[in-house]
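What follows is the residue order along each chain.
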Amino acid sequence: MGIYQSSKTKAVKALVSGGLSTMRVVPDTLLMRTADWCLRDINYPEGRDFLKTILLLAKRQLDTKAPAVQQSILNFIANVTVKGEVKRKRFKEEVGFDPPVLLVISPTMRCNLQCYGCYAGRYSRTDDLGLGTFERLLYEAEAMGIYFITVSGGEPFMLGDDFLTILGRHRSILFQIYTNGMLIDRGAAARLAQIGNAYPCISVVGWYFHYVPVGKKPGIELMPTAEQRLFRREELVKRRARHDILLADFWNDGPMVGGCLAGGRTYLHINSNGEVEPCVFAHFAVDNIREKPLRDILQSPFFTEIRRRQPYDDNLLRPCMIIDVPEVLREVVTVCGAHPTHYGADAVINELAQDMDRYSETYHRMADTKWCEYQSKNGK
């Protein structure tokens, strides 16, 4: 990074640092008006509201965080707004599309639990990605201007202290770690406070992933019905409006983000075998990160075809190519020659295909009615 860019980064850090100090005392109403102006270019009202809630909660919780955590917030904002902006612009100029905003990496599928219905339950538990390959991915991400990494699995904390050491070497990145929390003892908690840039998300409440028939013993009978799914969306929308709480639903919040995020549009998944999947629930791949750099994989026909079809339907309440428009997943897998990434992963496009079509058709009829109501309410 040149002298000008380095100076700009330092200036932004100083401004952000001052902003964080000011944010502690500024009235909520003024903070929200400022946020409205800063987020004015985001096209999705629900997305703007969600980001405003994050800002409000950050203000209220800031003083309770360890100094290293507060510093990580400063680093993240400065890197995203300055270094990241430059890198992302250069990437788009060179390849013709924006890089993802985040990566989901599962460095291990080993786990201390054996939960029924786990989407990761059929991956091999004998091979880890390797911490060297994991760290190489972090360097590749930073080079593209990606500063947010979700670490999933398996149970990431089974990787031990060396894993946390690597996170601490990449202070420009914020790490969100999906975990059952059972391996976070006092020592691990102290290390997380010391590192500052790694945030455990314990699998209990708040971020909704509904059951999809992939992974361990897939079966459509465990999926929420169309009625239950639409009820859940209505309840979450109401509760987000009533309470300052981060509630997100990764199938019902299509209107928040403009549909599907997969295939590198916003994110992708790299499993413990190095195979690069469109998302954590679409267990198909063409390329392996051990054989190609991520930049090249993003330009592959498989990922390009998925992005070309997004959104898969004008109704953003039907964002998913697995359960809402299952013909899309079947077509891109067939056309691009993608292979299942573990035994039984292809059940969703083969023996369960008719069940998925029936589910999609039932939900389609109900979701179209709700989408018309949504557009009418929002003046569309």
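Anything mentioned here points back to the structure above.
This one's a predicted model, so the numbers in the text were calculated from it and none came from an experiment.

Rules and cut-offs
Along each chain, residue indices are assigned from 1 in the same order as the chain's sequence is written. In view of the model being predicted, local features appear only for residues whose pLDDT reaches at least 70, and side-chain atom pairs are presented and counted only at 80 or more, with totals across whole chains, interfaces and linings using the full set of residues. Excluded from the side-chain calculation are hydrogens and water; included are all heavy atoms of the structure. Secondary structure is summarised from DSSP: a helix means a run of H or I of at least four residues, a strand means a run of E of at least two, and numbering begins at the N terminus for each. Only C-alpha atoms enter the radius of gyration, while the globule expectation follows 2.2 Å times N to the 0.38, with N the number of residues. When a residue's accessible area, from a 1.4 Å probe over protein chains only, is under 20% of the maximum for its type it is buried; when over 50% it is exposed; and in between it is partly exposed. Here, residues are in contact when the closest pair of their heavy atoms is within 4.5 Å. Aromatic pairing here means that ring centres of Phe, Tyr or Trp (its six-membered ring) are within 6.5 Å. Orientation follows from the plane angle: under 30 degrees is stacked, over 60 is edge-to-face, and everything else is tilted. Each ring is checked for a lysine NZ or an arginine CZ that lies within 6 Å of its centre and within 35 degrees of its normal; such an atom marks a charge sitting over the ring. Patches were defined on residues exceeding 30% relative accessible area and lacking a salt bridge, with like-charge contacts within 9 Å and nonpolar side-chain contacts (Val, Leu, Ile, Met, Phe, Trp, Tyr) within 5 Å. Per-residue accessibility takes into account occlusion by the displayed protein chains alone, with areas from the Shrake-Rupley method and a 1.4 Å probe. The rule for a salt bridge is simple: a side-chain nitrogen of Lys or Arg has to be within 4 Å of a carboxyl oxygen of Asp or Glu. For helices, the fitted line uses only the C-alpha atoms of the stretch in contact; every axis is such a line through C-alpha atoms, and the angle between N-to-C directions lies from 0 to 180 degrees. When an angle is under 35 degrees it counts as roughly parallel; over 145 it counts as roughly antiparallel; between 65 and 115 it counts as roughly perpendicular; any other value is oblique. Should DSSP find at least two bridges between two strands, the strands are taken to pair. Note on handedness: a clockwise path from strand one over the helix to strand two, with the strands aimed away from the viewer, defines a right-handed crossover.

*Asks:* Explain the overall build of the protein chain to me, and be specific about the residues and the numbers.
*Replies:* Check the secondary structure of the protein chain and you find 13 helices and ten strands. Radius of gyration (C-alpha) of the protein chain: 21 Å, near the 21 Å computed for a compact globule of 380 residues. Over its C-alpha atoms, taken along the principal directions, the protein chain stretches across nearly 55 × 50 × 45 Å. With 380 residues in all, the protein chain has 49% of them scored as buried. Contacts in the protein chain between residues far apart in sequence, at least 24 positions, make up 73% of those at least 6 positions apart.

*Asks:* Break down the packing of aromatic side chains for me, with residues and values.
*Replies:* Counted under the stated rule, the structure contains 13 aromatic pairs. A centroid spacing of 4.3 Å and a plane angle of 5° characterise the contact between Phe209 and Phe250, whose relative ring orientation is stacked. Here Phe209 is found in the loop between β5 (207-208) and α8 (226-242), whereas its partner Phe250 is found in the loop between β6 (248-249) and α9 (254-257), with 41 residues between them in sequence. What links up through ring pairs into an aromatic cluster is the set Phe50, Tyr119, Tyr178, Trp207, Phe209, Phe250, Trp251 and Phe281. Across the ring face of Tyr363, the terminal group of Arg229 is positioned such that the distance to the ring centre comes to 3.9 Å.

*Asks:* Describe a nonpolar patch on the surface, listing the residues and the values that go with them.
*Replies:* A surface patch of nonpolar side chains, amounting to about 260 Å² of accessible area, comprises Met158, Met182 and Leu183. In this fold, Leu183 is placed in the loop between β3 (174-179) and α7 (186-195).

*Asks:* Please give an account of the packing of helix α6 (residues 161-169) against α7 that cites residues and values.
*Replies:* The N-to-C vectors of α6 and α7 enclose an angle of 10°; their axes lie 10 Å apart at closest approach. Relative to α7, the element α6 lies roughly parallel. Residues Asp161, Leu164, Thr165, Leu167 and Gly168 of α6 pack against Arg191, Leu192 and Ile195 of α7.

*Asks:* Requested: an account of the environment of Arg233, with residues and values cited.
*Replies:* On the secondary structure map, Arg233 appears in helix α8. Placed 16 residues apart in sequence, Arg233 and Asp249 show a C-alpha to C-alpha distance of 7.6 Å. Setting aside residues no more than four positions away along its own chain, Arg233 makes contact with Glu46, Arg240, Asn252, Asp253, Pro255, Leu317 and Tyr374.

*Asks:* Requested: an account of the pattern of salt bridges, with residues and values cited.
*Replies:* Pairing between side chains of opposite charge can happen when the charged atoms of each approach one another. Going through the model one piece at a time under the given rule, you end up with 25 salt bridges. A salt bridge links Glu140 to Arg136, with the nearest nitrogen and oxygen atoms 2.7 Å apart. Of the two residues, Glu140 and Arg136 both sit in helix α5 (residues 131-144), four residues apart, roughly one turn of that helix. For Glu235, the salt bridge identified is with Lys238, shortest N-O distance 3.8 Å. Remark: Lys238 and Glu235 occur in helix α8; sequence separation between them is three residues, near one turn of the helix. The class of Glu235 is buried, set by a relative accessible area of 18%. By relative accessible area, Lys238 is classed as partly exposed at 43%.

*Asks:* For the sheet that holds strand β1 (residues 103-105), give the residues involved together with the corresponding values.
*Replies:* Within a sheet, each strand pairs with its neighbour through backbone hydrogen bonds, oriented either parallel or antiparallel. The sheet built from six strands is open, its strands ordered β4-β3-β2-β1-β7-β8 with mixed pairing. The open sheet is flanked by β4 (198-202) and β8 (276-277), the only strands paired with a single partner. Strand direction decides the pairing type here: β3 and β4, joined by five bridges, are parallel. Bridge pairing in β4 links Ile177 to Pro200.

*Asks:* Now, about the pairing of β3: what can you tell me, with residues and values included?
*Replies:* Walk down a regular strand and you will see the side chains alternate between the two sheet faces. Extensive coverage of β3 is indicated by the burial of five of its six residues. With four bridges connecting them, strand β2 (residues 148-151) and β3 associate as parallel partners. Following the sheet pairing, Phe148 is matched in β3 by Leu174. Where the polypeptide runs from β2 across α6 and back to β3, its parallel neighbour, the crossover connection is right-handed. Traced from β3 through α7 to β4, the parallel crossover comes out right-handed.

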